[in-house]
Amino acid sequence: MEKLIITTAITGAELDKQKCPVLPVTPEEQAIAARECVDAGAAIIHLHVRDDQQKPSQELSHFKRSVEAIKKACPVFPIVQFSTGGAVGEAIERRIAPLSLKPAMASFNLGTINFGEEIFVNTFADMRGLAKAFKQHGVIPEFEIYDSGHIDNLKKIIKEGLVEPPYHCQFVLGVPGAMSGEVSNLVYLSEHLPQPATWAVAGIGRFELPLAVHSMVMGGHVRVGLEDNIYYSKGKPAKNNAELVARIVRIAKEVGRDVATPTEARKILGI
Ligand code: KMH
Ligand code: ZN
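Everything in this summary refers to the structure shown in the same document. Computed from a predicted model, the values in this text were never measured in an experiment. (Residues numbered from 1 in each chain as written. Chains lettered and ligands numbered in written order. Predicted model: local features only at pLDDT ≥ 70, side-chain atom pairs only at ≥ 80, totals over all residues. Heavy atoms only, no water.)

Examining the coordination of the zinc ion (ligand 2)
Summarising the metal site, the zinc ion (ligand 2) is bound by the protein donors H46 (NE2), H48 (NE2) and E227 (OE), whose distances to it range over 2.1 to 2.2 Å. The motif formed by the donor residues of the zinc ion (ligand 2), counted along the single chain, is H-x1-H-x178-E. Using a relative accessible area of 2% as the deciding quantity, one classes H46 as buried. By relative accessible area, H48 is classed as buried at 4%. (Donors = N, O, S within 2.8 Å, 3.2 Å for Na, K, Ca; no water. Buried < 20%, exposed > 50% of the residue type's maximum accessible area, 1.4 Å probe, protein only.)

Things to note about helix 7 (residues 208-218)
Side chains that are three or four residues apart share a direction in an α-helix, a result of its 3.6 residues per turn. Here helix 7 has its buried residues at E208, L211, A212, S215 and M216. The arc that holds every buried residue of helix 7, seen down its axis, measures 130 degrees, which confines them to one face. Residues of helix 7 that are buried in the fold lie against strand 10 (167-173), helix 6 (183-190), strand 11 (197-203), strand 12 (221-224) and helix 8 (241-254). Where helix 7 terminates, the next one or two residues include G219, which has phi positive at roughly 95 degrees. (Helix = DSSP H or I, 4+ residues; strand = E, 2+ residues; numbered from the N terminus. Arc of directions from axis to C-beta. Contact = heavy atoms within 4.5 Å.)

With respect to the packing of helix 7 against helix 8
Packing of helix 7 against helix 8 leaves a shortest axis separation of 11 Å and a crossing angle of 35 degrees. As for the relative orientation of helix 7 and helix 8, their crossing is right-handed in sense. Across the interface between the two elements, E208, L209, A212, V213 and M216 from helix 7 touch L244, R247, I248, I251 and A252 from helix 8. Its residues placed into classes, the contact of helix 7 with helix 8 shows 8 nonpolar, no polar and 2 charged. (Axes fitted to C-alpha atoms, helices over the stretch in contact; angles between N-to-C directions. Left-handed = near helix turned anticlockwise from the far one by under 90°. Nonpolar A, V, L, I, M, F, W, Y, C, P; charged D, E, K, R; others polar.)

What to know about unusual backbone geometry
Between P165 and the following residue, P166, the backbone shows a cis peptide bond with an omega angle of -5 degrees. Locating P166 in the fold gives a position in the loop between helix 5 (149-159) and strand 10. Put simply, Q195 and P196 share a cis peptide bond, and its omega is -5 degrees. Tracing the backbone shows P196 in the loop between helix 6 and strand 11. With a phi close to 70 degrees, Q54 is a non-glycine residue in the positive phi region. Looking at the secondary structure, you find Q54 in the loop between strand 3 (49-50) and strand 4 (56-57). The phi dihedral of K102 is positive, around 55 degrees, even though this residue is not glycine. When you line up the elements, K102 lands in the loop between helix 3 (92-96) and strand 6 (105-109).

What about the nonpolar core?
The biggest cluster of nonpolar side chains holds 64 residues, and the ones touching the most others in it are L47, F108, F143 and F171. Examining the composition of this core, we find that 6 residues originate from one element, helix 8, more than from any other. Excluding residues that lie within four positions of it along the chain, F143 makes contacts with F108, L110, L154, I157, V163, Y167, H168, C169 and Q170. (Core = buried A, V, L, I, M, F, W, Y, C linked by side-chain atoms within 4.5 Å.)

Re the packing of helix 1 (residues 27-40) against helix 2 (residues 60-73)
Running from amino to carboxyl end, helix 1 crosses helix 2 at an angle of 40 degrees, the nearest separation of the two axes being 8 Å. Classified by the angle their axes make, helix 1 and helix 2 are oblique. Our pair here, helix 1 against helix 2, has a crossing hand that is right-handed. Each of P27, Q30, A31, A34 and R35 in helix 1 lies in contact with helix 2, whose residues at this interface are R65, S66, A69, I70 and A73. Per-class residue counts for the contact of helix 1 with helix 2 are 6 nonpolar, 2 polar and 2 charged. (Parallel < 35°, antiparallel > 145°, perpendicular 65-115°, else oblique.)

Things to note about the site of ligand 1
Among the 14 residues in the neighbourhood of ligand 1, the closest are listed as E14, S83, G86, S107 and N109. In this structure, an oxygen atom belonging to ligand 1 sits 2.7 Å away from a side-chain N or O atom of S83. In the environment of ligand 1, a nitrogen atom lies 2.8 Å from a nitrogen or oxygen atom belonging to the backbone of G86. For ligand 1, the accessible surface in isolation is 300 Å², of which the surrounding protein chains cover 97%. Across the shell around ligand 1, the residue classes break down as 5 nonpolar, 7 polar and 2 charged. (Near = heavy atom within 4 Å. Polar contact = N/O pair within 3.5 Å; in protein donor to acceptor, adjacent residues only side chain to side chain. Areas by Shrake-Rupley, 256 points an atom, 1.4 Å probe, with all protein chains shown as cover.)

Structure (structure tokens):
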């Protein structure tokens, strides 16, 4: 089996310090979190950034300052994967704009879903605009799949010639309003991807750990982090992002799955 790529989603767009006091939101806090996660075994940092009021932002200057801080803090530079999902309701033009900074990788959301009480909009026109910008700036997409129909959406844009193989896919399971985090859903999705593909799973909330464990023995990759889940176990908040990463590394060792360094992850992903 290829080595396990661990992504950590350190910040997200939905939480704040009130809900999660240890959430890294400033560039300095994000740099410390990134360093701790890389030291613990993460190869990819999924990055959302905040403005000076700690509100979600898609401003280029805010991405730049966080990336600079992470670069300074990490002797081994991880793959920094920008979010083009942003916060629910953000205009698609603002979500696309950070691709012009040419990150190695960025998220590519494959469809509209109910997102809790809100609607996370990703129309085909949005996806076509995104695909064009990914190509223009030479950024590798990670396709975010929240529901089974999103695989059909991916196949549609492949047919339209908008995206190229290999397809790096992230199953985000357990968002209230989309596909839940049952293991049978993971099995179904992993068997229906267009090929060639690599895949990972990000389980939301209580689904994070069981899905991560199943993924690592099925040959998939894993995402953990406070964006997806703020608990270490039921009722016990995680100390930080690195604590969630370190547990995945320990389990991977126990089941005989070696963990990829950032350099090894770049090779696997063709970066
Ligand atoms: N904040 C969510 C609405 C992504 O990063 O691409 C979308 C999200 C996905 O977090
Ligand atoms: Zn995200």
